[in-house]
Amino acid sequence: MIEAEWWEYDSVEEMADAVAGDVGFIVESALDARDSALIALPGGTTPRPIYPKIAERQLSWKRVTIIPTDDRLAPLDSDLSNIRAIAQTFLPTGARVFPIATTIEDHKLAGNAADARLQDLSWPPDLVWLGIGADGHTASIFEGPDMQDALDAPKARRAVGVMPDPMPQDAPVPRVTLTRAAILSARTLLITITGSEKRSLLEQAIADGHSSKLPIGRVLAEAEQPIDIHWCA
Ligand code: 6PG
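Residues numbered from 1 in each chain as written. Predicted model: local features only at pLDDT ≥ 70, side-chain atom pairs only at ≥ 80, totals over all residues. Heavy atoms only, no water.

Participant: An account of the pattern of salt bridges is needed here, citing residue identities and associated values.
Facilitator: Enumeration over the complete set of coordinates arrives at 12 salt bridges. For Lys53, the salt bridge is made with Asp17, and the minimal N-O distance between the two is 2.8 Å. You can see Lys53 sitting in helix 2 (residues 51-55) and its partner Asp17 sitting in helix 1 (residues 12-34), a full 36 residues away along the chain. Note on Asp17: relative accessible area 41%, which makes it partly exposed. (Salt bridge = Lys/Arg side-chain N within 4 Å of Asp/Glu carboxyl O. Helix = DSSP H or I, 4+ residues; strand = E, 2+ residues; numbered from the N terminus. Buried < 20%, exposed > 50% of the residue type's maximum accessible area, 1.4 Å probe, protein only.)

Right, dumping it as structure tokens:
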């Protein structure tokens, strides 16, 4: 049974302040407990106004490692790159920003390389923060020939390569992504979405659970930890 708690806001600004506070608390708690923190941040547009609010928090950033939940196989200086936006905001804090995408064209080999890089990190993440696409993808777990690999990868596998099919119009490129097992290994799971359509999509995916056709539904169906969902219209 998926244990989801919804947090509703009247504006993106209000949601951004709340999520930044939650992420700051998660990092502080990790630093207090283990003297280090590992957080996985989503790409896309929803987190953009939230990143700076997190970065301005007074934390021991040099002990924080930040990875993307997924990245596009695109040049690091491309607007398509998720790590580019994360690096621009968080490198100035002194945090370690850890790319997982490489220039390997074959997405499956790129997935192997991403997994090898992530194996070097102490695991599990203290936070995995997810966004959700209008098609129900999360991280870069998309419907298509590679979805099952991302969902059914063994617990030890942290990343795989994905060729979405159909390709998303806003970023029609192959990707590397955390696996479902890696996402659900997180000490804390947090989702941010906006708009009524995504809210309905997520509510239905949670209700459908294992029988959901949507990647987000199939990921959350296996969640053992509570999930905080932050939403504004
Ligand atoms: C990506 C993201 C992806 C994102 C959703 C939602 O690389 O595309 O990691 O999972 O979170 O597409 O994006 P928006 O926040 O822009 O709707």
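What follows picks up the thread again.
Participant: Go over the sheet that holds strand 8 (residues 175-178), please, and point to the residues and values.
Facilitator: As summarised here, the arrangement of the 3 strands in space is 4-8-7, forming an open sheet in which the pairing is antiparallel. The open sheet has two edge strands with one neighbour each: strand 4 (70-72) and strand 7 (159-162). Shown here is a sheet whose adjacent strand axes are inclined to one another by a mean of 20°, direction ignored. In this structure, strand 4 lies alongside strand 8, joined through 3 bridges in antiparallel fashion. In the strand pairing of strand 8, Asp71 is matched with Val176. Those strands touched by helix 4 (residues 107-119) are strand 7 and strand 8, and its axis lies near 160° from that of strand 7. (Pairing = 2+ DSSP bridges. Axes fitted to C-alpha atoms, helices over the stretch in contact; angles between N-to-C directions. Contact = heavy atoms within 4.5 Å.)

Participant: Would you mind going over the environment of Pro99 in detail, with residue names and values included?
Facilitator: By the secondary structure assignment, Pro99 is in the loop between strand 5 (96-97) and helix 4. Residues Pro99 and Ile183, spaced 84 residues apart in sequence, show a C-alpha to C-alpha distance of 17 Å. With sequence-adjacent residues up to four places away left out, Pro99 is seen in contact with Ile83 and Arg117.

Structural measurements only, silent on function.
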